[in-house]
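Listed below are the residues making up each chain.
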Amino acid sequence: MTHKSIYRLMAGFRRFREKYFQENDDHSIYHRLSSAGQTPKTLMIGCSDSRVDPAIMTGAEPGELFMVRNVANLVPPCEPSAVGFHGTSSAIEFAVQNLKVENIIILGHSQCGGIRALMQPNQEATPSFISQWMSIAHEAREQVLKNSEVLDEATLCRQAEMESLKVSIRNLRTFPFVQKAVDERDLHLIGIYFDLERGHLWEYDEKSQQFHQLHI
Ligand SMILES: [Zn+2]
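Treat the numbers as computed from the prediction; the structure is a model and nothing was measured.

Colleague: Residues and numbers for the layout of surface pockets, please.
Modeller: Of the pockets and cavities examined, the largest pocket occupies roughly 470 Å³. Around the largest pocket, the lining is made up of 17 residues, and of these Pro76, Phe85, Gln132, Trp133 and Ile136 lie nearest the centre. For the lining of the largest pocket, the secondary structure elements donating two or more residues are α4 (87-98) and α6 (129-134). Among the residues forming the lining of the largest pocket, the class breakdown is 8 nonpolar, 8 polar and 1 charged. Within this model, the second largest pocket holds a volume of roughly 350 Å³. Residue lining of the second largest pocket: 16 residues in total, with Ala55, Ile56, Ala60, Glu61 and Pro62 positioned closest to the centre. For the lining of the second largest pocket, the secondary structure elements donating two or more residues are α1 (2-20), α3 (54-58) and β2 (65-70). Grouping the constituent residues of the lining of the second largest pocket by class yields 9 nonpolar, 2 polar and 5 charged.

Colleague: Describe the sheet that holds β2, naming the residues involved and giving the relevant values.
Modeller: Here 6 strands make up an open sheet; going across it, the order is β2-β1-β3-β4-β5-β6 and the pairing mixed. Across the chains shown, the open sheet's two edge strands, defined by having one partner strand only, are β2 and β6 (210-214). Within this sheet the neighbouring strands show an average axis-to-axis angle of 25 degrees, counted without direction. In this structure, strand β1 (residues 42-47) lies alongside strand β3 (residues 103-109), joined through 4 bridges in parallel fashion. Residue pairing across strands places Leu43 opposite Ile104, the latter belonging to β3. Where α4 meets the sheet, its contacts fall on β1, β2 and β3, and the angle it forms with β2 comes to roughly 170 degrees.

Colleague: Just give me the short version of the coordination of the zinc ion, but keep the residues and values in it.
Modeller: Coordination of the zinc ion by the protein comes from Cys47 (SG), His109 (NE2) and Cys112 (SG), over a distance range of 2.0 to 2.3 Å. Counting the intervening residues between successive donors of the zinc ion yields the motif C-x61-H-x2-C. Note that Cys47 is positioned in strand β1 and His109 in strand β3, a separation of 62 residues in sequence. The two residues Cys47 and His109 agree in class, both being buried.

Colleague: Can you break down the environment of Glu163 residue by residue, with the values?
Modeller: Turning to its location among the elements, Glu163 is positioned in helix α8 (residues 153-172). Sequence-wise, Glu163 and Arg198 are 35 residues apart; in three dimensions their C-alpha atoms are separated by 20 Å. The contacts of Glu163, once residues within four sequence positions are left out, are Ala140, Gln143 and Val144. There is a polar contact of 3.0 Å between the side chain of Glu163 and the side chain of Lys166.

The rules we used
Residues numbered from 1 in each chain as written. Predicted model: local features only at pLDDT ≥ 70, side-chain atom pairs only at ≥ 80, totals over all residues. Heavy atoms only, no water. 1 Å grid on protein atoms, 1.4 Å probe; cavity = no way out; pocket = protein on both sides within 12 Å on 5 of 7 lines; lining within 4 Å. Points joined across faces, edges and corners; volume = space filled by probe spheres on them. Helix = DSSP H or I, 4+ residues; strand = E, 2+ residues; numbered from the N terminus. Nonpolar A, V, L, I, M, F, W, Y, C, P; charged D, E, K, R; others polar. Pairing = 2+ DSSP bridges. Axes fitted to C-alpha atoms, helices over the stretch in contact; angles between N-to-C directions. Contact = heavy atoms within 4.5 Å. Donors = N, O, S within 2.8 Å, 3.2 Å for Na, K, Ca; no water. Buried < 20%, exposed > 50% of the residue type's maximum accessible area, 1.4 Å probe, protein only. Polar contact = N/O pair within 3.5 Å; in protein donor to acceptor, adjacent residues only side chain to side chain.

Set out below in structure tokens:
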């Protein structure tokens, strides 16, 4: 079974190679990308969830999206670089400082397993990498539980998925180089929520602090 799924991926790579690596094609995307380097305009911060692949969802070409994916598409607050291992923060730093991206899109989604873990009662009782990581969104959990009447788990999670996007946008601004790029060169910070049951996208409006459905 395992082998079968790997063969499928290898067949996919064969199609990819046929598409992008034609012999003697000096105008191919990879010829350009390998000789001139990458110049993506957008940093995408997505969830590791296999159903939410930003490149598949957007039909992006190679070189178009600089991507970081982690559990629940979280942005941690800026912390001292000397302590700990900051995978997401270093990707943000490279994208903003070196690649000078024009947009940072945080892509949240429905049915997020990380957020479900966050919303479990006693979620911090059993320490794990996930519970420690998800503590970034603790504020979102508190916000949802504070404002909710007795709601079903799915509704609470959906609200927390959206609230955690707001936390991540706020955390982006705690990186001095992000805020500087917003002020000086109009770097766009964008929060998008993907409803994977319906195939809808919602965009977060920082001014009104509401999500609006995108009609694409
Ligand atoms: Zn997720």
